[in-house]
Amino acid sequence: MKTVVTVLGTRPEIIKLSPLIPLLRERFRHILVHSGQHYSFEMDAVFFEELGLPAPDYTLAVGSASHGEQTARMLSRLEPILLATRPDMVLVQGDTNTAMAGGLCAAKLNIPVTHLESGGRSFNRQMPEELNRIILDHISTLLLAADETAERNLLAEGLPPERIRMVGSSVIDAVERNRQHALRSTILQRLEVTPGDYLVLTLHRSENTTPDVLPGMIRALGELAEEHTIIFLLHPRTAAAMRTCGIEMPRSIRVSEPLGYLDTLRLVEQARALLTDSGGLQEEAGALGTPALILRNETEWRYLVDAGRHVLIGNTHESILAGARRWLQPEALARLRAAPAPIRSGASERAVAAMIDVLESVA
Ligand code: UD1
């Protein structure tokens, strides 16, 4: 039996890999490595619990650190595990430091790497995620793209077509598998909100949490919260950045700790709209039928914007207020909601089938 090591370490990786892990465990000797990039209960363990995932076989416990230090810890702690377990393939997902370090460590040991969510590009190299994606795609053996745009990006960078498979996005599978369970969530009662009568806000990207950008964004969102109930699911990075920048949370905004997966699905499903800079949530909202106003100038998950379901409203005080006031009008919102979102499930099965193909061809 072939051995596959999956390396994960952050909230989005746990969610997006969750539908693949049971399939991998059926087909391979599967070893799960957790980098420990995320470690708080509400950023990590709650997702293992709710998604019924097996405990990691190895934990690297790297914790928070500068990019260089964090990546170095991952490389030096993962290498002996890969040498000892001798996998036939290493699977990583997305664009985090964990994914990049996992892929790089394996590639340096000549172990084939599969990159799920390959080919996403913002074309903004100031983003740490963009550098991680580019590095990973160029050292991986199997490039699993989520959509046609991602596939085109890979071809444009000269990556060989035989390495690329368009499988779709596993976020959709995760939503479909858990949507029913999310009905049990009591989050609406706990937050005392009425379905359709509030906005959900998340904000954490490094380019949005700098001292020149964050104050204007929070001011705009505070003003918007005078007009709409806004529930802000506060990421630890953003809480820390607000403290560093000396920004007070506007009293109009209702703040919550980061929520578990089922609570998040339920809260987003029943929201009037989502305000976010997260990639995973854009897709989850798309699958749940909730329009998203994206607090960025570009997105790697273009298909929902192209379909007319989500819109980009930028990250300045003026652009956020103008964009939100325009798109939160009932008629505008109804148009976004009515846009047919090109949501396709089954990415997880297609991804694992592609891995089996590659491993069988080198048997
Ligand atoms: C990382 C990913 C980002 C992804 C995001 C999802 C990189 C470069 N970025 O960003 O692509 O969208 O995860 O959340 O890999 N912290 C805690 N508890 C935790 C984890 C973090 O308190 O469990 C705090 C720490 O103060 C830490 C900060 O959050 O310094 C940032 O965490 P980090 O993992 O460095 O990056 P994220 O912003 O979470």
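Procedures and definitions
Residues numbered from 1 in each chain as written. Predicted model: local features only at pLDDT ≥ 70, side-chain atom pairs only at ≥ 80, totals over all residues. Heavy atoms only, no water. Pairing = 2+ DSSP bridges. Helix = DSSP H or I, 4+ residues; strand = E, 2+ residues; numbered from the N terminus. Contact = heavy atoms within 4.5 Å. Axes fitted to C-alpha atoms, helices over the stretch in contact; angles between N-to-C directions. 1 Å grid on protein atoms, 1.4 Å probe; cavity = no way out; pocket = protein on both sides within 12 Å on 5 of 7 lines; lining within 4 Å. Points joined across faces, edges and corners; volume = space filled by probe spheres on them. Nonpolar A, V, L, I, M, F, W, Y, C, P; charged D, E, K, R; others polar. Core = buried A, V, L, I, M, F, W, Y, C linked by side-chain atoms within 4.5 Å. Buried < 20%, exposed > 50% of the residue type's maximum accessible area, 1.4 Å probe, protein only. Near = heavy atom within 4 Å. Polar contact = N/O pair within 3.5 Å; in protein donor to acceptor, adjacent residues only side chain to side chain. Areas by Shrake-Rupley, 256 points an atom, 1.4 Å probe, with all protein chains shown as cover. Sits in = over half its atoms within 2 Å of the grid points. Salt bridge = Lys/Arg side-chain N within 4 Å of Asp/Glu carboxyl O.

> A description of the sheet that holds strand β7 (residues 164–166) should follow, citing residues and the corresponding values.
Reading across from one edge, β3-β2-β1-β4-β5-β6-β7 is the order of the seven strands in this open sheet, with parallel pairing throughout. The open sheet has two edge strands, β3 (58–59) and β7, and neither has a second partner. In terms of strand pairing, strand β1 (residues 3–8) meets strand β2 (residues 29–34) through six bridges, oriented parallel. Paired with V7 across the two strands is V33, which belongs to β2. Strands in contact with helix α6 (residues 128–139) are β4 (89–93), β5 (113–118) and β6 (142–145); relative to β5, the strand with the most contacts, it is inclined by about 135°.

> Tell me about the layout of surface pockets, and please be specific about residues and values.
One number sums up the size of the largest pocket: a volume of about 1,100 Å³. Together, 46 residues line the largest pocket, and P12, H38, M43, H204 and H235 are the ones closest to its centre. Sorting the residues of the lining of the largest pocket by element identifies α1 (11–17), α4 (67–85), α6, α11 (236–245), α12 (261–269) and α13 (279–288) as the ones contributing at least two each. The class makeup of the residues in the lining of the largest pocket is 16 nonpolar, 21 polar and nine charged.

> Quick rundown of empty space enclosed by the protein? Include the residues and the values.
Evaluation of the coordinates by the stated rule reveals two cavities of 30 Å³ or more. Looking at the largest cavity, its volume works out to about 80 Å³. Its residues placed into classes, the lining of the largest cavity shows four nonpolar, two polar and four charged. Counted as a void, the second largest cavity has a volume near 60 Å³. As for the second largest cavity, its lining consists of K16, Q93, L116, E117, A146, G168, S169, S170 and V171. Residue assignment for the lining of the second largest cavity shows that the elements contributing at least two residues are β5 and α8 (170–182). When its residues are assigned to classes, the lining of the second largest cavity shows three nonpolar, four polar and two charged.

> So what about the nonpolar core? Which residues, and what values?
Soluble globular proteins: nonpolar side chains tend toward being buried together. Among the nonpolar cores identified, the biggest contains 59 residues, and L91, L116, Y198, V200, Y261 and L267 are the most heavily contacted of them. Counting residues in hydrophobic clusters, the runner-up holds 33 residues, among them L201, V311, I313 and L328.

> I'd love a proper account of the site of the ligand, names of residues and values included.
Around the ligand lies a shell of 16 residues, among which H38, Y39, S40, E129 and R237 are the nearest. Between H38 and the ligand, the recorded distance is 2.7 Å, taken from a side-chain N or O atom to an oxygen atom. A distance of 2.9 Å separates an oxygen atom of the ligand from a polar atom in the side chain of H235. If the ligand stood free it would expose 740 Å²; the protein chains cover 85% of that surface. In this structure, the ligand is accommodated by the largest pocket. Looking at side-chain class alone, the shell around the ligand contains four nonpolar, nine polar and three charged residues.

> Would you mind going over the pattern of salt bridges in detail, with residue names and values included?
The tally for this structure, following the rule as stated, stands at 20 salt bridges. Put simply, D263 and R190 hold a salt bridge, and the shortest N to O gap is 2.8 Å. Highlighted residues: D263 in helix α12 and R190 in helix α9 (residues 187–191), separated in sequence by 73 residues. You can call D263 buried: its relative accessible area is 12%. Judged by its relative accessible area of 48%, R190 falls in the partly exposed class. Linking R296 and E300 is a salt bridge whose minimum nitrogen-to-oxygen distance equals 2.8 Å. The buried category is assigned to R296, whose relative accessible area is 2%. Look at E300 and you get buried, because its relative accessible area is 9%. Several salt bridges converge on common partners, so that one network encompasses D95, E130, R133, E207, R296, E298 and E300.

> Let's hear about the sheet that holds strand β9 (residues 229–233): which residues, and what values?
The six strands are arranged β10-β9-β8-β11-β12-β13 in an open sheet whose pairing can be described as parallel. The sheet is open, and its two edges are formed by β10 (254–256) and β13 (311–312), each paired on a single side. Pairing of strand β11 (residues 273–276) with strand β12 (residues 292–294) involves three bridges; the strand directions are parallel. When the bridges of β12 are listed, L274 appears paired with A292. This element, helix α10 (residues 214–224), spans β8 (198–201), β9 and β11 of the sheet and lies at about 140° to β9.

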